[in-house]
Amino acid sequence: MKAAARTTKAALTAALMVALFGGRCFTPAVPRTGRGARASVAMRAGAKTDAIGKAAEELSKAAYPFMTQVDWNSPEYWIPPGADAMTWAKAIATIIDHGSSMDMELVKQGCWAHHDAIKDLPSTGICSEAELTAMNAAIGRMIASAPQEKTMAVYDAVKPLIDPKVAPYLMSKVNEDDAKAAYEALVKFTEVVKANPITPSNPSSTVSAGSASSIGEAAGKLAGASYPFMKGVDWLDGLYGQTVPTNPQKTLKAIDKMIVMGAQMDSASLKEAANAHVTALKNMDDKAMMTEEDYKAILAGIGKTVASVPASSVMDVYNSIGGLVTSPGIPSHVYGKQNPKDAIDAYMAFMEFKDTVRAAQQKDQGITGVFNAEQNGALIGLIVLINVAGVLFMR
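What comes next concerns the included structure. (Residues numbered from 1 in each chain as written. Predicted model: local features only at pLDDT ≥ 70, side-chain atom pairs only at ≥ 80, totals over all residues. Heavy atoms only, no water.)

**Looking at the overall build of the chain**
Then comes step 1: Of the regular secondary structure elements, the chain holds 17 helices and zero strands.
Then comes step 2: Long-range contacts, defined here as pairs at least 24 residues apart, represent 90% of the contacts in the chain between residues at least 6 apart.
Then comes step 3: Only carbon and sulfur atoms are counted for the fraction: they give 59% of the accessible area of the chain, which is about 18500 Å². (Helix = DSSP H or I, 4+ residues; strand = E, 2+ residues; numbered from the N terminus. Contact = heavy atoms within 4.5 Å. Areas by Shrake-Rupley, 256 points an atom, 1.4 Å probe, with all protein chains shown as cover.)

**Describing the packing of aromatic side chains**
For any pair of aromatic rings, the description rests on two quantities: the centre-to-centre distance and the angle between the ring planes.
Then comes step 1: All chains considered together, the criterion is met by three aromatic pairs.
Then comes step 2: Where Phe350 meets Phe353, the ring centres are 6.5 Å apart and the plane angle is 45°; that geometry is what we call tilted. One end of the pair is Phe350 and the other is Phe353, both in helix α16 (residues 340-365) and three residues apart, which spans about a single turn.
Then comes step 3: Its relative accessible area of 1% is what places Phe353 among the buried residues. (Phe/Tyr/Trp six-rings, centres within 6.5 Å; stacked < 30°, edge-to-face > 60°. Buried < 20%, exposed > 50% of the residue type's maximum accessible area, 1.4 Å probe, protein only.)

**Things to note about the packing of helix α12 (residues 267-283) against helix α13 (residues 292-307)**
Then comes step 1: At a closest axis distance of 8 Å, the pairing of α12 and α13 adopts a crossing angle of 160°. Here α13 runs roughly antiparallel to α12, going by the angle between their axes. You can see that α12 and α13 cross each other, and the crossing is left-handed. Touching Ser269, Leu270, Glu272, Ala273, Ala276, His277, Thr279, Ala280 and Asn283 of α12 are Asp294, Ala297, Ile298, Ala300, Gly301, Ile302, Lys304 and Thr305, all from α13.
Then comes step 2: Looking at side-chain class alone, the contact of α12 with α13 contains eight nonpolar, six polar and three charged residues. (Axes fitted to C-alpha atoms, helices over the stretch in contact; angles between N-to-C directions. Parallel < 35°, antiparallel > 145°, perpendicular 65-115°, else oblique. Left-handed = near helix turned anticlockwise from the far one by under 90°. Nonpolar A, V, L, I, M, F, W, Y, C, P; charged D, E, K, R; others polar.)

**Quick look at a nonpolar patch on the surface**
Then comes step 1: The grouping of Tyr335, Ile344, Tyr347 and Met348 at the surface amounts to a nonpolar patch, some 430 Å² of accessible area in total.
Then comes step 2: Of the residues forming the nonpolar patch, the biggest block, three residues, is contributed by α16.
Then comes step 3: Within the element layout of this structure, Tyr347 appears in helix α16.
Then comes step 4: Given the relative accessible area of 42%, Tyr347 is considered partly exposed. (Patch = residues over 30% accessible without salt bridge, like charges linked within 9 Å, V, L, I, M, F, W, Y side chains within 5 Å. Salt bridge = Lys/Arg side-chain N within 4 Å of Asp/Glu carboxyl O.)

**Section: unusual backbone geometry**
Then comes step 1: The phi dihedral of Ala288 is positive, around 65°, even though this residue is not glycine.
Then comes step 2: Secondary-structure assignment places Ala288 in the loop between α12 and α13.
Then comes step 3: Among the residues examined, Ala288 registers a relative accessible area of 15% and is labelled buried.

**Some remarks on the pattern of salt bridges**
Then comes step 1: Summed over the entire model, instances satisfying the criterion amount to nine salt bridges.
Then comes step 2: Ionic pairing is found between Asp237 and Lys337, a salt bridge with its closest N-O pair at 2.5 Å. Here Lys337 lies in the loop between α15 (330-335) and α16 and Asp237 lies in the loop between α10 (209-232) and α11 (248-264), a separation of 100 residues in the sequence.
Then comes step 3: The salt bridge involving Lys341 is made with Asp345; its shortest N-O contact spans 2.8 Å. Residue Lys341 and its partner Asp345 are both found in helix α16; the two are separated by four residues, about one turn of the helix.

**Notes on α10**
Then comes step 1: Taking 1.5 Å of rise per residue, the 24 residues of α10 would be expected to cover 34 Å, and the 34 Å separating its terminal C-alpha atoms lies within 8% of that figure.
Then comes step 2: The largest bend along α10 measures about 50° and falls at Ser226, with the proline Pro228 one to four residues further on.
Then comes step 3: Within α10, the full set of buried residues consists of Ser211, Ile215, Ala218, Ala219, Leu222, Ala223, Ser226, Tyr227, Phe229 and Met230.
Then comes step 4: Contacts made by the buried residues of α10 are with α13 and α16. (Expected span 1.5 Å × (residues − 1). Bend = angle between axes of the 7 residues up to and from the residue.)

**Points about the side chain of Ser100**
Then comes step 1: Looking at the element boundaries, Ser100 is found in helix α4 (residues 85-100).
Then comes step 2: Sequence-distant contacts of Ser100, that is, excluding residues within four places in its chain, are made with Lys271, Ala274 and Asn275.

**Remarks on the nonpolar core**
Then comes step 1: If you look at the biggest cluster of nonpolar residues, it comprises 48 residues, and the most contacted ones within it are Met230, Met261, Met290, Tyr295, Leu299 and Phe353.
Then comes step 2: Elements with a contribution of two residues or more to this core: α4, α10, α11, α12, α13, α14 (311-325) and α16.
Then comes step 3: Here this core gets eight residues from one element, more than from any other, and that element is α10.
Then comes step 4: Setting aside chain neighbours within four positions, we find Tyr295 in contact with Ala223, Ser226, Tyr227, Met230 and Met290.
Then comes step 5: In terms of nonpolar packing, the next biggest core, distinct from the first, is built from 41 residues, Tyr64, Ile139, Ile143 and Ile255 among them. (Core = buried A, V, L, I, M, F, W, Y, C linked by side-chain atoms within 4.5 Å.)

**A closer look at the environment of Asp364**
Then comes step 1: Of note, Asp364 is situated in helix α16.
Then comes step 2: Residue classification places Asp364 among the partly exposed residues on the basis of a relative accessible area of 29%.
Then comes step 3: The contacts of Asp364, once residues within four sequence positions are left out, are Thr206, Val207, Ser208 and Ser211.
Then comes step 4: A polar contact of 2.9 Å, which involves the side chain of Asp364, links it to the side chain of Ser208. (Polar contact = N/O pair within 3.5 Å; in protein donor to acceptor, adjacent residues only side chain to side chain.)

Here it is as structure tokens:
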């Protein structure tokens, strides 16, 4: 029993470390307009939220000296440690599944804390101690709302993939005593999180039944027309394990735009899309290719999430990501590797899908009039980004 308890504590500690130190760039944020929802969650969590919040303050105080010694602009944090892409993809499926099991409003609170830290981040990449406390508390609540077995699954999936030399190497770049003090404080924090579980809510969708049906039907058509193109992509290409060649702060600011948009998405549709990705990753073949049915489910989930956000957020993501990938010539390079006919067929089918998503967005949000050419391009670019280019930020 003692051995099992130690393993459980280690798993929770590892999951928190992944969230606290490894996932700082990849979480979606909640918009400022979500204060009512945040208040509702706080009331439901009650004293448990306060306990985790107080523990977060202690953790941040102990860990901040260590945090200030880390070079957050180092390209090393963009390098997948150890294992091959296929193995990491399976582990990522477990991480996504863990996130999908969390309370969505708590996730959005946590992401909002990340957005607040990123938006005024200095060039060093080091946030304030107060911002660190807000992120620690939010992440603690997120993990407290997930089933313990999901946390254990992340630990079991990721631990074997990290080269044992990574930890000593990272330790050599900071003050060892400060790092150990941060770790000891983190272990205490995990005990508080484990002692204060939070029951997650079950979100209802804001996407109308009519819009969901039309998007689902359009997703089936797009999946059938574009699947030959998808099969022609070398998903094991080393390109998808590389980051965009630019200033890390510029990349982080672009990710922040994605964070804000992610937080504005319909929670139920976001869970649907996440679960569809989990299923696809589990079922993919030895070339990392998903089945057509799983592909259809992903398209439907993504279509609903994009239809549920304001057009302005779509534009923000489109403009920020476009500024990253256009100059290095990434789009033309990727296109040059594909079969032109399959790519054109996929594009034409995608245009129809885009129109369906746009119509649903206008209908459900009460938008009148039509999109201009720039907004049309933004919606097209965004869905393509989520479907294909997003791989660059996952592996």
